[in-house]
Amino acid sequence: MKFLLVEDNLDLANAIASRMRQDGHIIDHAENLGDAQAFIEVGEYELILLDIMLPDGDGRTFLAQHRASDRDTPVIVLTARSQVSDRISSLDMGADDYVTKPFDHAELEARCRAVLRRRSGNAKTTIELGKITFDPVSGQMTVDGRAVQMRNRELRLLELFLNAPGQIFSKNKLSDRLFSFDEDVSENAIEVYIGRLRKHLSGSDLKITTLRGIGYRLDHVE
Amino acid sequence: MSNSVEVSGSLRNRLVLTLIGGAAVLAMLLFFAVRSYAVQVAQQGQDSILEASVASMLDAATIRDGAVELDLPYSAFSMLSTSADDRVFYAIYQDGTFLSGYEDLAYSEGQPFETQLMRGSDVRTVSASRTMIGADLRTDIQIVLAQTQDALSETLDQISRNVALFGIGFFALAAALSFWATSATIGQLDKLTISVTRRGPQDLSPFAKPVPQEMAPLVKSLNSLMGRLDQSLSQSEDFIAEAAHRVRTPLATVRSYAEATLQRVDKEENREAMRSMVKAIDESSRAAGQLLDHAMTTFRADHLERDDIDLVELVAELVQRLTPIVDMKDLTLTQNGDGQVPYAGDPILIQSAVRNLIDNSMKYSPVESAITITVAADPAPRITVCDQGPGFPSNEIETLTARFQRGANAATTIGSGLGLTIAQDVALAHGGALHLTNQPEGGACVTLSFSH
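Within any chain, residue numbers begin from 1 and follow the written order of that chain's sequence. All chains are assigned letters beginning with A, and all ligands numbers beginning with 1, in the order in which they are written. Local features in a predicted model are, by the rule used here, given only for residues with pLDDT of at least 70; side-chain atom pairs are given and counted only at 80 or more, and totals for whole chains, interfaces and linings are based on all residues.

Student: Can you help me understand the pairing of strand S9 (residues 132-135) of chain A in this one?
Tutor: Side-chain direction in a regular strand flips from residue to residue, so the side chains alternate between the two faces of the sheet. All names here are of chain A. Around each residue's C-beta, the other C-beta atoms within 10 Å are counted; 20 or more make the residue buried, 12 or fewer make it exposed, and counts in between make it partly exposed. All C-beta atoms are placed from the backbone. We count a stretch as a helix when DSSP gives it H or I for four or more residues in a row; a strand needs E for two or more, and each element gets its number in order from the N terminus. A one-sided burial pattern is seen for S9, the buried positions being Ile132 and Phe134 and the unburied ones Thr133 and Asp135. By the convention used here, strands pair only if DSSP detects at least 2 bridges between them. Count of turn residues in the strand S8 (residues 127-129)/S9 antiparallel hairpin: 2 residues, of which Gly130 carries a positive phi of about 60°. Pairing of S9 with strand S10 (residues 140-143) involves 4 bridges; the strand directions are antiparallel. Residue Asp135 lies in a different strand from S10, and its bridge partner there is Gln140. Where S9 folds back onto S10 in an antiparallel hairpin, the turn is made up of 4 residues, including Gly139, whose phi is positive at roughly 75°.

Now the structure itself:
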């Protein structure tokens, strides 16, 4: 997906950008509202991540202008404010959602997807591999044209593998991506999800291989 | 803040008393002025009749054969007749010698009209003289004529009665006017009071409605006070926002870097350190967030602002917003009950309470379990959040809502323990209560009830 990140704190912007690039997203970074305006006039973005406190103005002003123009790129506001504060009027100002800093990247991604799902008019970004099609936004997978129902964690696991077929993922890396840091996850929890994913993939030409003591890998069996 | 005001006297009473007192004095003055004028006019009338009568008597005097002859004309008496049959006395003197009539009527030189007491009643006397010149005679005829004043005092009584009635009427009218004027004046103050009272706790805008000139200084100082209050409130709100921004932005930076690094690092020790870092950041930001939430809840609960809301819609909104997070944990969040449950309350507070309850349930829910929210209208509006977790420890169910208290089984779960306290504060502010129960089939239920 292609994001525009409007954030004046360079450190934070770099951190967010590098984290999102790891997931294969394209990120443009604007440090202020002026730059942001220039970016959206030139490029097409699927989503805008907008900070509220910016050096050359309030992010909500930008939001209002953005909504007044005929662009309908969804906007997720990044705010440092308290959730109860009635100053979170960003939703009324036309933001599609907001996350409070500091945020979990998995949550940010989940929110981005939820927003994109609601705006179903957007072009589908389907991943196709062998007999499988997968739409990360809607979270729908078909095996041989047959729709398969999966839970959220199974979907995320599948997406990780589909983004890097042939790459080896260690158990720990997978569980860090699947579980939030406040959850107590047992060593074997990931095996449960791998087992389920294998079941969903049965009948396709994709296979998850266990490399004992190293991790797992998605293989495309010709 | 004390709501009692030391009261000294009443503007309304003072105004009414002053105006009525003034009206009473004016009515009395009017009465006496009109009455004395009437007395004067009536007296002048009697005097001129007496004068005419005595003149006609003197005219009747003639000198015949060197002697004065006086034949009292009938008309001189008939013009004196009154409705009250006043009595008439006269005395005739010639050069100071009493000739005829009532001797006790003395002639007074120089003062034509006098009022004196005669035979038990007040009489008005007129003295007049005429110098008669005959062939070899020159003599003065003096006549004193007196008349009782019964008719006059009857007339005066009647006038007094009418004037008194008029005075009372005037007084009554003035009193009514003073009540009206007082209410109209005080009414302006009442109007100002009502418009101050009706304001919401957030409304610190200046008064725009026109007020009478005399109240302008008061309203001006009120406006300036509100201005300062607004400024200091927004300053402290800005300060909190600024502080949150300053703290949370670097936290967000650290967290994002730590997460990104975690993806690249393979050595398990380093990974564990990164995880601990992220966990600590989450814990501190969550605690800071809850403390801010709690402060905000306390503030809003003190100045409860009630809006007409639909609890079902409010919960639905919240469920929609929380669904992405709930999904990530493979939990399901479902809302039971449809239709509408209208209630007048603070939507921000209620959402904050329910969000905290759902947060709690999410923390304790086992993998792939369900959280259900039920909104009901009877017997009182209430929102119940149930999970399929371990439930509350039965011996602690009473003490759990006390501030900062966490259950014994919560050792492994992140949270500052303010969630239930916030929910309870919100319930109490709306005249309701927070009930903790365990379901027989397992799982905790928290009911947030409100009163109308």
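Student: Looking at this structure, I do not really get the interface of chain B and chain A. What am I missing?
Tutor: Where the parts come together, the accessible area they lose is often given as the size of the interface. Counting from both sides, the interface comprises 39 residues of chain B and, opposite them, 35 residues of chain A. Broken down by secondary-structure element, the contributors of at least two residues to the side of chain B that touches chain A are helix H4 (216-264), helix H5 (268-302), helix H6 (311-328) and helix H7 (347-364) of chain B. Here the side of chain B that touches chain A gets 15 residues from one element, more than from any other, and that element is H4(B). Any residue that is not Ala, Val, Leu, Ile, Met, Phe, Trp, Tyr, Cys, Pro, Asp, Glu, Lys or Arg is counted as polar, Gly included; the first ten are nonpolar and the last four charged. For the side of chain B that touches chain A, the residue count by class is 16 nonpolar, 12 polar and 11 charged. Here, residues touch in the contact sense if the C-beta positions derived from the backbone fall within 7 Å of one another.

Student: Before we go on, may I ask you to explain the nonpolar core in this structure?
Tutor: Across soluble globular proteins, you tend to see nonpolar side chains buried next to one another. A:Val6, A:Leu50 and A:Ile76 are the most contacted members of the largest nonpolar core, which has 45 residues in total. Setting aside residues no more than four positions away along its own chain, A:Val6 makes contact with A:Ala30, A:Ala36, A:Ile48, A:Leu49, A:Leu50, A:Asp51, A:Leu54 and A:Gly59. Listed in part, the 43 residues of the second largest apolar core include B:Val312, B:Val315, B:Leu420 and B:Ala423. Definition of nonpolar core: a set of buried Ala, Val, Leu, Ile, Met, Phe, Trp, Tyr and Cys residues joined via C-beta atoms within 7 Å.

Student: I'm lost on the sheet that holds strand S3 (residues 88-94) of chain B in this one. Help?
Tutor: Paired through their backbone hydrogen bonds, the strands of a sheet run either parallel or antiparallel. Residue and element names in this part refer to chain B. One open sheet accounts for 5 strands, arranged S4-S3-S7-S6-S5; its pairing is antiparallel. Edge positions in the sheet fall to strand S4 (97-101) and strand S5 (113-118), since each has one partner strand and no second. Between one strand axis and the next, the sheet turns through 30° on average, direction left out of account. Of the pairings in the sheet, the one linking strand S6 (residues 121-133) to strand S7 (residues 138-148) comprises 11 bridges and is antiparallel in character. In the strand pairing of S7, Val126 is matched with Leu145. Here an angle of 0 to 180 degrees is reported between the N-to-C directions of two axes, which are lines fitted to C-alpha atoms, with helices fitted over the stretch in contact. In the packing of helix H1 (residues 11-59) onto the sheet, the strands contacted are S5, S6 and S7, and the crossing angle to S6 comes to about 35°.

Student: What exactly am I supposed to notice about helix H3 (residues 150-197) of chain B here?
Tutor: Since the α-helix packs 3.6 residues into each turn, any two residues three or four apart lie on the same face. Residues and elements named next belong to chain B. Over its 48 residues, H3 extends 68 Å from the first C-alpha to the last, a length consistent with the 70 Å expected when each residue adds 1.5 Å. By the largest-angle criterion, Gly187 marks the main kink of H3, which is about 25°. Restricting attention to buried positions, one finds in H3 the residues Leu152, Thr155, Gly167 and Thr182. Of the surrounding secondary structure, the elements contacted by the buried residues of H3 are H1. Multiplying 1.5 Å by the residue count of a helix minus one yields the expected span of that helix. Note on bend: the value at a residue is the angle between axes fitted to the seven residues ending there and to the seven starting there.

Student: Sorry, what's going on with unusual backbone geometry here?
Tutor: Negative phi is the rule for most residues except glycine; trans is the rule for most peptide bonds. Across the junction of A:Lys101 and A:Pro102, the peptide omega takes the value -10°, indicating a cis bond. With an omega of 0°, the peptide bond between B:Asp378 and B:Pro379 qualifies as cis. Along the chain, B:Pro379 turns up in the loop between strand S11 (370-376) and strand S12 (382-386). A positive phi angle, near 60°, is found at A:Asp144, a position not held by glycine. In this structure, A:Asp144 sits in the loop between S10 and strand S11 (146-148). Overall, the presence of 12 C-beta atoms within 10 Å leaves A:Asp144 in the exposed class. Of note, the phi angle at B:Arg119 is positive, near 50°, even though the residue is not glycine.

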